[in-house]
Amino acid sequence: MNPMVEFCISNLANGSQEAFDILEQDPNLDVLEYGCLSHCSLCSETLLAIVNGDVVEGDSPDDLVKKIYAYIEENPLF
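Keep in mind the model is a prediction, meaning the values are calculated, not measured.

### Topic: the overall build of the protein chain
And step 1. Scanning the protein chain from N- to C-terminus turns up three helices and four strands.
And step 2. Ordered by position from the N terminus, the helices and strands of the protein chain form the series β-α-β-α-β-β-α.
And step 3. Taking 2.2 N^0.38 as the reference for a compact globule, 78 residues should give roughly 12 Å; the C-alpha atoms of the protein chain span a radius of gyration of 11 Å, in line with that estimate.
And step 4. Across its three principal axes, the protein chain shows a C-alpha extent of roughly 30 × 20 × 20 Å.
And step 5. Here the protein chain holds 78 residues, and the buried ones make up 38% of them.
And step 6. In the protein chain, of all internal contacts separated by at least 6 residues, the share reaching a separation of at least 24 is 60%.
And step 7. A total of about 4,600 Å² of accessible surface is found on the protein chain, and carbon and sulfur atoms cover 50% of it.

### Quick look at a nonpolar patch on the surface
And step 1. A grouping of M4, L32 and Y34 is seen on the molecular surface, where their side chains present a nonpolar patch of about 230 Å² in accessible area.
And step 2. Considering the arrangement of structural elements, one finds M4 in strand β1 (residues 4-8).

About the thresholds
Residues numbered from 1 in each chain as written. Predicted model: local features only at pLDDT ≥ 70, side-chain atom pairs only at ≥ 80, totals over all residues. Heavy atoms only, no water. Helix = DSSP H or I, 4+ residues; strand = E, 2+ residues; numbered from the N terminus. Rg over C-alpha atoms; globule rule 2.2 N^0.38 Å. Buried < 20%, exposed > 50% of the residue type's maximum accessible area, 1.4 Å probe, protein only. Contact = heavy atoms within 4.5 Å. Areas by Shrake-Rupley, 256 points an atom, 1.4 Å probe, with all protein chains shown as cover. Patch = residues over 30% accessible without salt bridge, like charges linked within 9 Å, V, L, I, M, F, W, Y side chains within 5 Å. Salt bridge = Lys/Arg side-chain N within 4 Å of Asp/Glu carboxyl O.

So this is what it looks like as C-alpha coordinates:
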(Lines give C-alpha, C1' and ligand atoms only; values in the text may rest on other atoms or scores of the structure.)
Protein backbone atom coordinates (compact mmCIF):
# COMPACT_ATOMS: atom_id res chain seq x y z
CA MET A 1 0.00 0.00 0.00
CA ASN A 2 1.42 3.36 -1.05
CA PRO A 3 1.14 6.55 0.99
CA MET A 4 -1.79 8.67 -0.18
CA VAL A 5 -1.23 12.36 -0.95
CA GLU A 6 -4.38 14.37 -1.61
CA PHE A 7 -4.60 17.89 -3.04
CA CYS A 8 -7.51 20.32 -3.26
CA ILE A 9 -8.05 21.72 -6.76
CA SER A 10 -8.28 25.25 -5.32
CA ASN A 11 -4.93 24.82 -3.59
CA LEU A 12 -3.44 23.55 -6.86
CA ALA A 13 -4.61 26.77 -8.48
CA ASN A 14 -3.12 28.77 -5.59
CA GLY A 15 0.38 27.37 -6.12
CA SER A 16 0.72 23.72 -5.15
CA GLN A 17 0.42 22.41 -8.75
CA GLU A 18 4.21 22.16 -9.06
CA ALA A 19 4.36 19.96 -5.94
CA PHE A 20 1.53 17.81 -7.32
CA ASP A 21 3.39 17.36 -10.62
CA ILE A 22 6.61 16.32 -8.84
CA LEU A 23 4.90 13.88 -6.49
CA GLU A 24 2.76 12.39 -9.25
CA GLN A 25 5.94 11.11 -10.92
CA ASP A 26 6.79 8.97 -7.86
CA PRO A 27 5.46 5.43 -8.42
CA ASN A 28 5.59 4.81 -4.66
CA LEU A 29 2.90 7.42 -3.95
CA ASP A 30 -0.81 7.59 -4.73
CA VAL A 31 -1.37 11.27 -5.61
CA LEU A 32 -4.97 12.40 -6.00
CA GLU A 33 -6.81 15.67 -6.55
CA TYR A 34 -10.24 16.51 -5.19
CA GLY A 35 -12.63 19.41 -5.61
CA CYS A 36 -12.42 20.13 -1.88
CA LEU A 37 -10.70 18.61 1.15
CA SER A 38 -12.78 20.58 3.71
CA HIS A 39 -9.86 22.67 5.00
CA CYS A 40 -10.96 25.85 3.22
CA SER A 41 -9.63 28.47 5.65
CA LEU A 42 -6.22 26.81 5.81
CA CYS A 43 -6.24 26.07 2.08
CA SER A 44 -6.72 29.75 1.26
CA GLU A 45 -3.71 30.76 3.41
CA THR A 46 -0.99 28.22 2.61
CA LEU A 47 0.06 25.40 0.31
CA LEU A 48 -1.09 22.08 1.69
CA ALA A 49 -1.75 18.43 1.04
CA ILE A 50 -3.39 15.70 3.06
CA VAL A 51 -0.91 12.86 3.58
CA ASN A 52 -2.41 9.64 4.91
CA GLY A 53 -5.16 11.72 6.51
CA ASP A 54 -2.98 14.44 8.07
CA VAL A 55 -2.47 18.01 6.86
CA VAL A 56 1.05 18.86 5.69
CA GLU A 57 1.82 22.52 4.90
CA GLY A 58 4.62 24.20 2.97
CA ASP A 59 5.77 27.73 2.21
CA SER A 60 6.55 26.91 -1.44
CA PRO A 61 5.96 23.96 -3.76
CA ASP A 62 9.52 22.67 -3.09
CA ASP A 63 9.08 23.10 0.66
CA LEU A 64 5.76 21.23 0.49
CA VAL A 65 7.37 18.32 -1.37
CA LYS A 66 10.19 18.13 1.20
CA LYS A 67 7.75 18.20 4.09
CA ILE A 68 5.55 15.53 2.51
CA TYR A 69 8.51 13.17 2.07
CA ALA A 70 9.68 13.95 5.63
CA TYR A 71 6.20 13.23 6.98
CA ILE A 72 6.05 9.91 5.13
CA GLU A 73 9.48 8.92 6.44
CA GLU A 74 8.57 9.83 10.02
CA ASN A 75 5.15 8.15 9.84
CA PRO A 76 5.49 4.83 7.97
CA LEU A 77 2.31 2.97 7.08
CA PHE A 78 3.54 -0.33 8.56
